Amino acid sequence: MVSLEAIIESNARLATSLPAGLVAVFVGATSGIGEATLKCFVKRTQRPRIYFIGRREAEGQRVLGELKKLNTEGEYNYLKYDVSLLKNVDEACRYIKSRETTINLLFLTSGTLITGKHTEEGINYSTALVYYARTRFIINLLPHLKAASHLRRVVTVAAGSKEGKIFTDDFPAEHLGLLTFRPHITSLITLSLEALAKQAPEVSFIHDYPSFVKTGLSRELTGIGATIMKIVFAPLMALLQVPIDETGERQTFFATSARFPPSEPRDADGVALGEGVAVAAGVNGNPGGGIYSIDWEAEGTSPRVQKLMHDFSQDGTAEKLWKHTEDEYMRVTGSIAV
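Residues numbered from 1 in each chain as written. Predicted model: local features only at pLDDT ≥ 70, side-chain atom pairs only at ≥ 80, totals over all residues. Heavy atoms only, no water.

Caption draft 1: Up close: the overall build of the protein chain. Tallying secondary structure elements over the protein chain gives 11 helices and 7 strands in all. The burial tally for the protein chain puts 56% of its 338 residues in the buried class. For the protein chain, the proportion of contacts with a sequence separation of at least 24, taken over those separated by at least 6, is 76%. Of the roughly 14200 Å² of accessible surface on the protein chain, 55% is carried by carbon and sulfur atoms. Taken as two groups, the 37 positive and 38 negative side-chain charges of the protein chain have centres that lie 3 Å from each other. (Helix = DSSP H or I, 4+ residues; strand = E, 2+ residues; numbered from the N terminus. Buried < 20%, exposed > 50% of the residue type's maximum accessible area, 1.4 Å probe, protein only. Contact = heavy atoms within 4.5 Å. Areas by Shrake-Rupley, 256 points an atom, 1.4 Å probe, with all protein chains shown as cover. Lys, Arg positive; Asp, Glu negative; His and termini not counted. Charge placed at Lys NZ, Arg CZ, Asp CG, Glu CD.)

Right, dumping it as structure tokens:
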């Protein structure tokens, strides 16, 4: 566990530890964890160049105005896209790549609590946002991440450390219930990062679980059942939830600390470690393994998850998943990447 004090101390050194002009892409950053992390990152860095993506114009413009006040020297670009559609993911990536030659940070939080819905591209809506869209962003922008001379990092916020059984006959999670969906999709995300890390050992990849955080996702739920659920869980959330500003600090630490280096480190792979903070264990069990599945307290990957990911690799599940993912991209877009 890394204390909140150590996390804040590390973030306070961002402006002096990393160069000015860091380029960061935030997907799903007009509310909740994405917005809180974006603001913390902007406040802590020198002349950042930011691209943040959301689907609600009013919220995007609100955040844009607030960023300009937080750091007047930064450059901010709001891109309005519904990223549940892979065609929109590709369009956003083309735009960013036309303006930048390198990217330092890709931060992903797109998600939903809506179930029983499909996109016009024929993909389960929740899986499209949490898995297919996020993975597509990484694939498309990976060459720009690899080209960066300093910080090179991908952070995807979902349920890292909560991996479990994968249903290989239902990768899109068409028929999974609430209790089976989370461990299934969490494992898919971590396995996809392992596959991508093989292409980019100079980039570090983090899949984290933020704990209970008031994100605004529940506003998408309507009807009497949703209302009852919100009322029932409200006392529990009030007791357990992590404050949103604290979450922004923690996620910024994940995005910038040298505690999570790539498997093949270079210079300036993050803010130098503070006293008492060590390099975290990766999914492969090694300190500094390059891919990290962590909880909100910044612990390294647990032995349970290390074994599970190893088993998925050995029994062919990882290979099957990646083939399925590429096949879906070909079916929907006609290409594996743009």
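Now, onward.
Caption draft 2: Region of interest: the environment of A268. When you line up the elements, A268 lands in the loop between α9 (244-256) and β7 (291-294). Judged by its relative accessible area of 28%, A268 is partly exposed. Taking C-alpha positions, A268 is 6.0 Å from L151, a pair spaced 117 residues apart along the chain. Beyond its immediate chain neighbours, meaning those up to four positions away, A268 contacts L18, H150 and L151.

Caption draft 3: Here's a closer look at the packing of aromatic side chains. As enumerated under the stated definition, the model contains 8 aromatic pairs in all. For the pair F253 and F260, a centre-to-centre distance of 6.2 Å together with 80° between the ring planes defines the contact as edge-to-face. The burial state of F253 is the same as that of F260; both residues are buried. Taken together, the aromatic side chains of F253, F254, F260 and Y292 make up a single cluster linked through ring pairs. Seen from the ring of Y125, K117 lies directly overhead, with NZ or CZ sitting 4.2 Å from the centre. (Phe/Tyr/Trp six-rings, centres within 6.5 Å; stacked < 30°, edge-to-face > 60°. Lys NZ or Arg CZ within 6 Å of the ring centre and 35° of its normal.)

Caption draft 4: Focus on the pairing of strand β4 (residues 105-108). Residues L105 and F107 point to one face of β4 and L106 and L108 to the other, with burial holding for every one of them. Two elements, strand β1 (residues 23-27) and β4, share 4 bridges in a ladder whose sense is parallel. Within β4, the position partnered with F26 by the bridge is F107. Where β4 and strand β5 (residues 153-157) come together, 4 bridges link them in parallel fashion. Bridge pairing in β5 places L106 opposite V154. For the crossover that starts at β4, traverses helix α6 (residues 125-147) and ends in the parallel β5, the hand is right-handed. (Pairing = 2+ DSSP bridges. Right-handed = clockwise from strand over helix to strand, strands pointing away.)

Caption draft 5: Expanded view of the packing of helix α7 (residues 178-199) against helix α11 (residues 317-333). Between α7 and α11, the least distance of the axes is 10 Å, while the angle of their chain directions is 85°. Judged by the inter-axis angle, α7 sits roughly perpendicular to α11. Facing L188, L191, S192, A195, L196 and Q199 of α7, the residues of α11 in contact are T317, A318, L321 and W322. (Axes fitted to C-alpha atoms, helices over the stretch in contact; angles between N-to-C directions. Parallel < 35°, antiparallel > 145°, perpendicular 65-115°, else oblique.)

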